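Geometric and topological summary
The residues making up each chain are set out below.
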There are 2 protein chains.
Amino acid sequence: MSDDLGDKLAAGTCPIPISDYPTILMAHGGGGRLTQMLVDKLFVPAFDNPALKELHDGAVLEVGGSRIAFSTDSFVIHPLFFPGGDIGSLSVHGTVNDLAMCGARPMALSVGLIVEEGLPIDDLWRIVRSMEAAAKASGVSIVTGDTKVVDRGKGDGLFINVSGIGLVPPGVVISPRRARPGDRVLVSGPIAVHGVAILSVREGLRFETTLKTDSAPLNGMVEALLAAAGDAVHVLRDPTRGGVATTLNEIARQGNVGIRLEETAIPVDEEVRGACEILGLDPLYVANEGKCLVLVDPASADAALAVLRAHPLGVRAAMIGEVTGDHPGKVFLKSRIGGQRMLDLLTGEQLPRIC
Amino acid sequence: MSDDLGDKLAAGTCPIPISDYPTILMAHGGGGRLTQMLVDKLFVPAFDNPALKELHDGAVLEVGGSRIAFSTDSFVIHPLFFPGGDIGSLSVHGTVNDLAMCGARPMALSVGLIVEEGLPIDDLWRIVRSMEAAAKASGVSIVTGDTKVVDRGKGDGLFINVSGIGLVPPGVVISPRRARPGDRVLVSGPIAVHGVAILSVREGLRFETTLKTDSAPLNGMVEALLAAAGDAVHVLRDPTRGGVATTLNEIARQGNVGIRLEETAIPVDEEVRGACEILGLDPLYVANEGKCLVLVDPASADAALAVLRAHPLGVRAAMIGEVTGDHPGKVFLKSRIGGQRMLDLLTGEQLPRIC
């Protein structure tokens, strides 16, 4: 914590200069630079504790001799129903995946619904059924819940919070702080599918595509990976909001390492690439909901890749880059034509309410 | 599950007749009859599992030899700031109390924020500080979180989900199914304070009062109670949405017992009673955020009451009724003048967005 920030906290004044950002902008929720500012300047200093400072997708806590992973995620995706899924299945997969990215076996989920007055009961029913189907497919139970209703015009149909707990098996330690120069970077399949599938059905944007969200539970694949590669798996993270570029930036910063990607190695489907060109989007910044990034010791990288590819959700997994000792905190992309450019955090909001 | 409901579930059709309630009403979030219908007909059948069927304030799960309580609550209170608290402190106390009502010692909380574009950053900062102060006072850490932003007009300033986990000490078993005829019903202090304090600052309703919310963390008092009365404590529940009458109805239904209250024994402050008369509210149905109901074996009731009264939050605790073997599932009130009336669940929405 900088001295200036410490002074402001002590004085009880808001540590984000009011003159710069007097109110919350959409970009504060985008996963990019403004989200990071909120986390760094507001949440971490206020909720000062070691588990939170890890800044992982979830916290890992010691409970009576076991290590419990605990994670939360709220979903505000628009529209509620989209090709290949809905807010219900997405919210279950999202939290299951956050737990899996801690190396945990997901056990139980809670569901908090904030419903806008006027939502058709039948829509709620379809979403609830979809949550249950997703939970079953992920091998977890929904064990507790809460429902609130807000007046018409004070919500947007339905927001869902799913929190979850899981058990981290003995010996498994997954943390961005374990990233080491030489580690290989794997991705479990073609990127940017979820974001493009959602945009294809947004009002005013509808375009012809057969794309469906990639939303899926990754815990089975991660369990197989950890069983095979064990301690050689250093970091796991699912590149949701902000995509692969944002997620790798977070890992680089938290692990104090550099990361270099090979553009030609990164799997992107032609249909996704075409849609991104039309929409002016870089696939590296578009959200995924059924992919994970793996940082793995180089000696085990080929074996880890083979395990991913042997799983139905990882058939098109690829090795896309490596961790470097130089440029700590930065991510670079070696382009198709041989040049190298830095992949920075986005400052604005690219795709609002994508999850 | 009734056969008819089973058939509907098998057919995948919504088990709530569309013709009766085609859309979500404010009352579906009020804690009364329509909330119960959602839970009974939609959530429990869909998310069918033993932990959820307990229908407690949280679920209790076996994890590696320990019993973990896991609870979730979303807060949509309006306005965000109110006498004696704000949505931040309320949300921390709410989930801490849900865990305490499972007999657990709260350990860690998650925070999921859904912020409306345009919220002043300084308001967010005040609320975050208030959450941290409440967490500290409750002896818990906020270990993980998530922030989403929705467009202006699609939210209402700020909604907060707080989920939490806690450890249930060996030997402690708190469940509405443990309610037994003869058990005494205790309340930890004067009722209906929170609801009236919030209404006093609602637009269009402002009235002169010195009332502040009773929002407070109850885990310390519950811990003292369990240390002293142990296994004699059968049921704990905090009477939030829907108040004492609704909460006791839930216990009566889940425990398959009757409950009889003595109106003259129920502590209600004069200022609260006066405000309720003006507003046409029954204090028994008004929300509390710093009170608990205790069902305790008659042999330990006096001792339990003494422990509550010895705690700063329970100074005005009282014995207000008892569990009966007749009229299972029903709550009766013996009135000041000697008559007896049934306290039913509310059908409509009395106080929207009170938590």
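Residues numbered from 1 in each chain as written. Chains lettered and ligands numbered in written order. Predicted model: local features only at pLDDT ≥ 70, side-chain atom pairs only at ≥ 80, totals over all residues. Heavy atoms only, no water.

**Remarks on the domain arrangement of chain A**
When the parts come together, some accessible area is lost, and that loss is often what is quoted as the size of the interface. Residue and element names in this part refer to chain A. Examined at the domain level, chain A breaks down into domain 1 (49-168) and domain 2 (173-342). Taken together, the 26 residues of domain 1 in the interface contact 29 residues of domain 2. Taking both sides of the interface into account, the surface hidden between domain 1 and domain 2 amounts to around 2300 Å²; carbon and sulfur atoms contribute 55%. At the junction of domain 1 and domain 2, the tally comes to 1 salt bridge. For Arg105, the salt bridge is made with Glu223, and the minimal N-O distance between the two is 3.4 Å. Where domain 1 touches domain 2, the interface holds 9 residue pairs in polar contact (both at pLDDT 80 or more). Contributions of two or more residues to the side of domain 1 that touches domain 2 are made by helix H4 (87-100) and strand S5 (105-116). Of the residues forming the side of domain 1 that touches domain 2, the biggest block, 7 residues, is contributed by H4. Classifying every residue of the side of domain 1 that touches domain 2 by side-chain character gives 11 nonpolar, 9 polar and 6 charged. (Domains from an automatic or database assignment. Contact = heavy atoms within 4.5 Å. Buried area = accessible area lost by both parts, 1.4 Å probe. Salt bridge = Lys/Arg side-chain N within 4 Å of Asp/Glu carboxyl O. Polar contact = N/O pair within 3.5 Å; in protein donor to acceptor, adjacent residues only side chain to side chain. Helix = DSSP H or I, 4+ residues; strand = E, 2+ residues; numbered from the N terminus. Nonpolar A, V, L, I, M, F, W, Y, C, P; charged D, E, K, R; others polar.)

**Thoughts on the packing of helix H2 (residues 33-46) of chain A against helix H5 (residues 121-138) of chain B**
Where H2(A) meets H5(B), the axes come as close as 9 Å, and the angle between the chain directions of the two elements is 25 degrees. In terms of orientation, H2(A) and H5(B) fall into the roughly parallel class. Residue-level inspection shows Leu38(A), Lys41(A), Leu42(A), Phe43(A) and Ala46(A) of H2(A) in contact with H5(B), the latter providing Ile121(B), Leu124(B), Trp125(B), Val128(B) and Glu132(B). (Axes fitted to C-alpha atoms, helices over the stretch in contact; angles between N-to-C directions. Parallel < 35°, antiparallel > 145°, perpendicular 65-115°, else oblique.)

**Thoughts on the relation of the copies chain B and chain A**
With an RMSD of 0.0 Å, the fit of chain B onto chain A corresponds to turning through 180 degrees and sliding 0.0 Å along the axis. Expressed as a symmetry operation, the mapping of one chain copy onto the other fits a two-fold axis. Minimal C-alpha separation from the rotation axis in chain B is found for Gly155(B), amounting to 2.2 Å. Mapped onto chain A, 100% of the interface residues of chain B are again interface residues, and the two copies thus contact each other with one and the same surface. (Least-squares fit on C-alpha atoms with pLDDT ≥ 70 in both.)

**With respect to the sheet that holds strand S9 (residues 233-237) of chain B**
Residue and element names in this part refer to chain B. Read across the open sheet, the 7 strands follow the order S9-S11-S8-S12-S10-S13-S14; overall the sheet is mixed. Looking at the sheet topology across the chains shown, the edges are occupied by S9 and strand S14 (340-342). Averaged over all adjacent pairs, the angle separating strand axes in this sheet is 25 degrees, with direction ignored. (Pairing = 2+ DSSP bridges.)

**A closer look at the packing of aromatic side chains**
All told, the structure shown has 4 aromatic pairs over all chains when counted by the stated rule. Consider the rings of Phe70(A) and Phe70(B), whose centres lie 6.4 Å apart with planes at 85 degrees: the pair is edge-to-face. Here Phe70(A), found in strand S2 (residues 66-75), pairs with Phe70(B), found in strand S2 (residues 66-75), and the two come from separate chains. Look at Phe43(B) and Phe47(B): their rings are 6.5 Å apart centre to centre, the planes differ by 5 degrees, and that puts the pair in the stacked class. Over the aromatic face of Phe75(B) sits the side chain of Lys148(A), whose NZ or CZ is 5.6 Å from the ring centroid. (Phe/Tyr/Trp six-rings, centres within 6.5 Å; stacked < 30°, edge-to-face > 60°. Lys NZ or Arg CZ within 6 Å of the ring centre and 35° of its normal.)

**Quick look at the environment of Val60(A)**
Residue and element names in this part refer to chain A. Looking at the secondary structure, you find Val60 in strand S1 (residues 59-63). Spatially, the C-alpha atoms of Val60 and Gly242 are 24 Å apart, while their sequence positions differ by 182 residues. In contact with Val60, other than residues within four places in its own chain, are Arg67, Ile68, Ala69, Cys102 and Val168.

**Some details on the environment of Leu343(A)**
You can see Leu343(A) is positioned in the segment after strand S14 (340-342). Along the backbone, Leu343(A) and Asn249(A) are 94 residues apart, and their C-alpha atoms lie at a distance of 7.9 Å.

**Some points on the side chain of Ser175(B)**
Looking at where Ser175(B) falls in the secondary structure, it is placed in the loop between strand S7 (158-168) and strand S8 (184-187). What Ser175(B) contacts, discounting residues up to four positions off in sequence, is Glu54(B), His56(B), His234(B) and Val235(B).

**So, H4(A)**
All names here are of chain A. The first and last C-alpha atoms of H4 sit 20 Å apart over 14 residues, in line with the 20 Å expected at 1.5 Å per residue. Most of H4 sits inside the fold, with 14 of its 14 residues counted as buried. Sitting at the head of H4, Asp86 places a side-chain oxygen 2.7 Å from the backbone nitrogen of Gly88. (Expected span 1.5 Å × (residues − 1). Buried < 20%, exposed > 50% of the residue type's maximum accessible area, 1.4 Å probe, protein only.)

**Concerning the pairing of strand S13 (residues 331-334) of chain B**
Relative to S13(B), strand S10 (residues 258-262) of chain B runs parallel, the two being bridged by 4 bridges. Paired with Leu261(B) across the two strands is Leu333(B), which belongs to S13(B).

**What about the pairing of strand S5 (residues 105-116) of chain B?**
Two faces, one strand: in a regular strand the side chains alternate between the faces of the sheet. Residue and element names in this part refer to chain B. For S5, a buried count of 10 out of 12 residues is recorded, marking the element as mostly surrounded by other parts of the structure. Across 10 bridges, the pairing between S5 and S7 is antiparallel. Bridge pairing in S7 places Ile114 opposite Phe159. Where S5 meets strand S6 (residues 141-150), 9 bridges bridge the pair, whose relative direction is parallel.

**Concerning the sheet that holds S5(A)**
All names here are of chain A. Spatial strand order, S1-S2-S7-S5-S6: 5 strands in an open sheet with mixed pairing. Either end of the sheet is taken by a strand with one partner, and the two such strands are S1 and strand S6 (141-150). Here the strands of the sheet are splayed against their neighbours by 20 degrees on average, with no regard to which way each runs. Judged from the 9 bridges that link them, S2 and strand S7 (residues 158-168) form a sheet pairing that is antiparallel. What sits directly across from Arg67, in S7, is Val168. Lying on the sheet, helix H5 (residues 121-138) is in contact with S5, S6 and S7; it crosses S7 at an angle near 15 degrees.

**As for the interface of chain B and chain A**
If you look at the interface, chain B gives 85 residues, while chain A gives 85 residues. When the two sides are added together, the surface that chain B and chain A hide from each other amounts to roughly 6900 Å², 69% of it contributed by carbon and sulfur. Considering only the side of chain B, the residues that lose the most area to chain A are Ile24(B), Ile121(B) and Trp125(B), jointly responsible for 11% of the buried surface there. For the pair chain B and chain A, the interface holds 8 salt bridges. In this structure, Asp146(A) engages Arg241(B) in a salt bridge whose closest nitrogen and oxygen atoms are separated by 3.1 Å. Between the two partners, chain B and chain A, sit 21 residue pairs in polar contact (both at pLDDT 80 or more). Of all the elements in the fold, those that place two or more residues in the side of chain B that touches chain A are helix H2 (33-46), helix H3 (50-53), strand S1 (59-63), S2, S5, H5, S6 and S7 of chain B. Classifying every residue of the side of chain B that touches chain A gives 45 nonpolar, 24 polar and 16 charged.

**Regarding unusual backbone geometry**
The peptide bond linking His78(A) to Pro79(A) adopts the cis configuration, its omega dihedral lying at 0 degrees. For Pro79(A), the position within the fold is in the loop between S2 and strand S3 (81-82). With a phi angle near 50 degrees, Arg353(A) is a residue other than glycine that sits in the positive phi range. Within the secondary structure layout, Arg353(A) lies in the segment after S14. Arg353(A) gets classed as buried once you look at its relative accessible area, which sits at 8%. A positive phi is found at Asn256(B), a non-glycine position, where the angle reads about 55 degrees. Summarising the element assignment, Asn256(B) is placed in the loop between helix H8 (243-255) and S10.

**Digging into the environment of Ala232(A)**
Residue and element names in this part refer to chain A. Mapped onto the elements of the fold, Ala232 is located in the loop between helix H7 (219-229) and strand S9 (233-237). Taking the C-alpha atoms as reference points, Ala232 and Ile174, separated by 58 residues in sequence, lie 9.8 Å from one another. Not counting residues up to four positions away in its chain, the partners in contact with Ala232 are Leu295, Val296, Asp297 and Ser300.

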